[in-house]
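What follows is the residue order along each chain.
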Amino acid sequence: MIVCSCNVLSDYEVRAVACTATRRTTTYVYGRLGCRARCGRCAPTIREIMDEVLIGAKVVPVDDTTPAAADE
Ligand code: FES
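## Let's talk about the overall build of the chain
Right, so step 1: Scanning the chain from N- to C-terminus turns up 3 helices and 2 strands.
Right, so step 2: Counting from the amino terminus, the chain carries its helices and strands in the arrangement β-β-α-α-α.
Right, so step 3: Counting every position in the chain, which comprises 72 residues, the buried fraction comes to 28%.
Right, so step 4: Considering only contacts within the chain whose residues lie at least 6 apart along the sequence, 44% involve residues at least 24 apart.
Right, so step 5: If you sum the accessible surface of the chain, you get close to 5,300 Å²; carbon and sulfur atoms cover 56% of it.

Now the structure itself:
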């Protein structure tokens, strides 16, 4: 699906950049995809995709009280 009609960016492209993003900014995403913001209407959608990716990659702390498989 195209999320930025000015630069013809797809959600797939934005998600791919977000997966390796070192900064959570739309400017970073545009830059990595070789363009820049024009009208800016897509910025909320790009931020939403970045949030989805970051939440999906969230590291869950290990619970030390859980018995290891070898202990069972
Ligand atoms: S829709 Fe992305 S800059 Fe216009």
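Still to come is the rest of the account.
## A closer look at the nonpolar core
Right, so step 1: Leu9, Val14, Val29, Tyr30, Cys42, Ile46 and Met50 are the most contacted members of the largest nonpolar core, which totals 16 residues.
Right, so step 2: Breaking this core down by element, the ones donating at least two residues are strand S1 (2-4), helix H1 (11-19), helix H2 (26-32) and helix H3 (43-56).
Right, so step 3: Among the elements that take part in this core, H3 stands out by supplying 5 residues, more than any other.
Right, so step 4: Not counting the four nearest positions on each side in its chain, Leu9 is found in contact with Met1, Ile2, Val3, Cys4, Tyr30, Leu33 and Cys35.

## What about the environment of Met1?
Right, so step 1: Tracing the backbone shows Met1 in the segment before S1.
Right, so step 2: On the basis of relative accessible area, Met1 is assigned to the exposed category, the value being 70%.
Right, so step 3: Spatially, the C-alpha atom of Met1 lies 5.8 Å from that of Asp11, the residues being 10 residues apart in sequence.
Right, so step 4: Those residues within four positions of Met1 in sequence are excluded, and the remaining contacts are Leu9, Ser10 and Asp11.

## Observations regarding the environment of Tyr28
Right, so step 1: Summarising the element assignment, Tyr28 is placed in helix H2.
Right, so step 2: Relative accessible area serves as the criterion here: at 12%, Tyr28 is assigned to the buried category.
Right, so step 3: In this structure the C-alpha to C-alpha distance between Tyr28 and Ala18, which are 10 residues apart in sequence, comes to 9.2 Å.
Right, so step 4: In this view, Tyr28 contacts Val17, Thr20, Ala21, Thr22 and Arg23; residues no more than four positions away in its chain are not counted.

## Here's the deal with the side chain of Asn7
Right, so step 1: Tracing the chain through its elements places Asn7 in the loop between S1 and strand S2 (9-10).
Right, so step 2: Not counting residues within four places of it along the chain, the set of residues in contact with Asn7 comprises Tyr30, Cys35, Arg36 and Arg38.

What counts and what doesn't
- Residues numbered from 1 in each chain as written.
- Predicted model: local features only at pLDDT ≥ 70, side-chain atom pairs only at ≥ 80, totals over all residues.
- Heavy atoms only, no water.
- Helix = DSSP H or I, 4+ residues; strand = E, 2+ residues; numbered from the N terminus.
- Buried < 20%, exposed > 50% of the residue type's maximum accessible area, 1.4 Å probe, protein only.
- Contact = heavy atoms within 4.5 Å.
- Areas by Shrake-Rupley, 256 points an atom, 1.4 Å probe, with all protein chains shown as cover.
- Core = buried A, V, L, I, M, F, W, Y, C linked by side-chain atoms within 4.5 Å.

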